[in-house]
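Residue strings, one per chain:
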Amino acid sequence: MAYDKFNILTSSAVPLPIENVDTDQIIPARFLKATERVGFGDNLFRDWRYNGDDSPKADFVLNNPTYSGKILVGGKNFGSGSSREHAAWSVYDYGFRAVVSSFFADIFKGNCLNIGVLPVQVSAEFSDKIFAAIEADPNTELEINLPEQTITLKATGEKESFDINGYKKNNMLNGFDDIDYLQNIKEDIIEFADKLPY
Amino acid sequence: MSTTLFDKVWDSHVVRKIEDGPDVFFIDRHFIHEVTSPVAFLGLKSRNIKVLYPERTFATADHNTPTINQHLPVEDPLSANQLKALEDNAAEYGISHWGLGHKKNGIVHVVGPENGITLPGATIVCGDSHTSTHGAFGAIAFGIGTSEVEMVMATQCIMQPKPKKMRINVNGTLSKGVGPKDVALYIISKLTTSGGTGYFAEYAGNVFEEMSMEGRMTVCNLSIEMGARGGMIAPDQKTFDFLEGRLYAPKGEAWTKAVEYWKTLKTDTDAVFDSELNIDAADIEPMITYGTNPGMGIGISKSIPSANQVEGGAETYKKSLAYMGFQENDVMIGKPIDFVFLGSCTNGRIEDFRAFTEIVKGRKKADNVTAWLVPGSHVVEAQIKEEGLLDILTESGFVLRQPGCSACLAMNDDKVPAGKYAVSTSNRNFEGRQGPGSRTLLASPIMAAAAAVTGKLTDPRELF
């Protein structure tokens, strides 16, 4: 499915300085029973966000009105675990357009890129700076510039570059997806398949 | 140029390379299940495109399915709806479907190999991270997201940058009571859950050469838990013997030709890996996890490390132990437990049931333990009965359930209640993985068996 274009995103950010945030925390398996991609944002971080009786847990960051924005900043090894794209959907549906971490799990990162959430991998030092800046001022803004491949702390101007391959970058900038590309080379694929042993 | 097993299989499936981008990677075999496929089918519908090669996709229902009374309608309406969606979509697009009640039904990563759909040198994907299991046959197999499930159905390809290569060598002699699950949990404890990220692993060394196909599947299954996309083992005579005569395996002349090709699938002696890990088999003890990710594992005789002994943030570590209700330096042996789960795509095969049965034979299930014994497929279930294992299990006070993912991920009725401890042969001990508030201790089938009959964590070596 084609998605929103991503260019420059300037926003405050929500901090989640926990390591190894796994996909079962992002969205527990019992919420994967939908047959359509709707309502996943409501269950983002469900068991960290709500008590068993569905009342909000006051100390969880998404329930703290001090923090808001379109950027989620997570700890190291964000998105480990399952391949469920529902994890990326719930991040997107909640309203985040980018996730920043010093390290991402592979499948989660790929899923984000496939649905239009930009994973921004920064150094551990820059990650620490972001967390410190948000702690000092929850309204502080980050600028994520995809064409330039930079992330900037607006308050101080401190900046770091991030990696993304040229193909995926182009997709994100234009809202293209992989099926658009693959459909155009279908004849090559069929020719290739005919030569394989199975 | 010298190449690795991984290179040989990967490079032979690249339709084209995109400059400063991923490879267009051809997929031979695609498994789908009820949870991660419905939205992919919706995508196909909205684009108005057909499945390019329906004969290359195989559907089975496993995540949501109940593990008792499978002949009755599924009670949970959401699960029933997803199962129905899979059935309808498979019918509409001409895909083979082994739904609930079908004699071939079972966990996708158990039924694939069982039916010879999994073959050496093949590329295999599924919307499930434990697709890495199929690497045991010398296939490149890994989990994908739903967008990619749609991609594979539409074009039989996905877009993937080629991962880096890692080799994990385990040589020497495994101690008594140490099996494939312990080897895998030991590797993950060394690498952590992110140590393999960006890599595809090859498992090499005499320990894997001597391991059964079931054991190799357990090891490859857990590759994702160290962050690696997948892991593979070079095919050998054991692989060929396992596959010969299976439903989808080549037959007659095609078989002979296939085996000839499969014999070429190995890493050249002077091929270079981006990373290598060497492990002495003798260092591995029966393993148990104590925290909330699979990298938090130790030998059963050890005590829980203190925060300053582990890599990573102390705050995250303490949060994890608090969730488990454990303290730093706690001894694991003797900790009381409430549930035992034998099953899943990690340890739901016949060999796992044989190992479990060997320990519980002549003993009784402890009264404080609820045990779920869940075969990975109907084929495994039948074999448990044929081999007489069921009689022994029944005599010891255990009940055999019907195939499915069961308590591995709490998507069906088999959920561990909040605060309760479960010794599980499955693959993840994340917070809430087996039900909100559940506390999971990952272990081998014999560790689970020892806990089941003693009602607490017990060194299984004491029960031989």
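Bear in mind the structure is a predicted one, so any value in this text is a computation, not a measurement.

*Asks:* Sorry if this is basic, but what is going on with the sheet that holds strand β6 (residues 123-126) of chain B here?
*Replies:* Consider a sheet: its strands pair through backbone hydrogen bonds, and that pairing is either parallel or antiparallel. Residue and element names in this part refer to chain B. Pairing is parallel in the open sheet, where five strands are placed in the order β5-β4-β3-β6-β7. Looking at which strands have only one partner, the edges of the open sheet turn out to be β5 (96-98) and β7 (140-143). Direction aside, the axes of adjacent strands within the sheet are offset by 20 degrees on average.

*Asks:* Any chance you could explain the pairing of strand β3 (residues 29-32) of chain B here in plain terms?
*Replies:* In summary, the side chains of a regular strand alternate between the two faces of the sheet. Neither face of β3 of chain B is open: one carries Arg 29 and Phe 31 of chain B, the other His 30 and Ile 32 of chain B, and all of them are buried. Read from β3 of chain B through helix α2 (residues 38-47) of chain B to strand β4 (residues 57-60) of chain B, the crossover connection turns out right-handed.

*Asks:* Would you mind showing me how to read the packing of helix α6 (residues 180-191) of chain B against helix α8 (residues 213-221) of chain B here?
*Replies:* All names here are of chain B. As a packed pair, α6 and α8 sit with axes 8 Å apart at the nearest point and diverge in direction by 20 degrees. What the angle tells us is that α6 and α8 run roughly parallel. As α6 runs across α8, the sense of the crossing is right-handed. Residue-level contacts link Pro 180, Lys 181, Val 183 and Ala 184 of α6 to Gly 215, Thr 218 and Val 219 of α8.

*Asks:* Can you walk me through the nonpolar core in this structure?
*Replies:* Across soluble globular proteins, you tend to see nonpolar side chains buried next to one another. Val 91 and Val 117 of chain A together with Val 340 and Ala 448 of chain B are the most contacted members of the largest nonpolar core, which totals 188 residues. When residues of this core are assigned to their parent elements, the largest contribution, eight residues, is made by helix α16 (residues 445-454) of chain B. When we break this core down by domain, the ones giving at least three residues each are domain 1 (5-262) and domain 2 (286-463) of chain B. Val 340 of chain B has contacts with Val 369, Ala 371, Ala 422, Val 423, Ala 448, Ala 451 and Ala 452 of chain B, leaving out every residue within four places of it along the chain.

*Asks:* What is the right way to look at the interface of chain B and chain A in this model?
*Replies:* By a widespread convention, an interface's size corresponds to the accessible area lost as its parts come together. Counting from both sides, the interface comprises 60 residues of chain B and, opposite them, 50 residues of chain A. Breaking the side of chain B that touches chain A down by element, the ones donating at least two residues are β1 (14-17), β2 (23-26), α2, α3 (77-93), α5 (146-155) and β8 (157-160) of chain B. Element by element, the count of residues in the side of chain B that touches chain A is highest for α5 of chain B, at seven residues. For the side of chain B that touches chain A, a count of residues per class yields 25 nonpolar, 25 polar and ten charged.

*Asks:* Looking at this structure, I do not really get the sheet that holds strand β18 (residues 439-442) of chain B. What am I missing?
*Replies:* All names here are of chain B. One open sheet holds the four strands; their spatial order is β16-β15-β17-β18, and the pairing between them is parallel. If you trace the sheet from one side to the other, it starts and ends with β16 (370-373) and β18, each paired once. If you compare each strand with its neighbour and ignore which way they point, the axes differ by 20 degrees on average. The pairing of strand β15 (residues 339-342) with strand β17 (residues 421-424) spans three bridges and is parallel.

*Asks:* Which parts of the structure should I look at to understand the domain arrangement of chain B?
*Replies:* Residues and elements named next belong to chain B. Partitioning chain B into domains gives domain 1 (5-262) and domain 2 (286-463). With centres defined by C-alpha atoms, the gap from domain 1 to domain 2 works out at 24 Å. Listed per partner, the contact involves 39 residues of domain 1 and 41 residues of domain 2. Elements with a minimum of two residues in the side of domain 1 that touches domain 2: α4 (108-114), α6 and α8. No other element matches the six residues that α6 contributes to the side of domain 1 that touches domain 2. Classifying every residue of the side of domain 1 that touches domain 2 gives eleven nonpolar, 20 polar and eight charged.

Definitions and cut-offs
Residues numbered from 1 in each chain as written. Chains lettered and ligands numbered in written order. Predicted model: local features only at pLDDT ≥ 70, side-chain atom pairs only at ≥ 80, totals over all residues. Pairing = 2+ DSSP bridges. Helix = DSSP H or I, 4+ residues; strand = E, 2+ residues; numbered from the N terminus. Axes fitted to C-alpha atoms, helices over the stretch in contact; angles between N-to-C directions. Buried ≥ 20, exposed ≤ 12 C-beta atoms within 10 Å, placed from the backbone. Right-handed = clockwise from strand over helix to strand, strands pointing away. Parallel < 35°, antiparallel > 145°, perpendicular 65-115°, else oblique. Left-handed = near helix turned anticlockwise from the far one by under 90°. Contact = placed C-beta atoms within 7 Å. Core = buried A, V, L, I, M, F, W, Y, C linked by C-beta atoms within 7 Å. Domains from an automatic or database assignment. Nonpolar A, V, L, I, M, F, W, Y, C, P; charged D, E, K, R; others polar.

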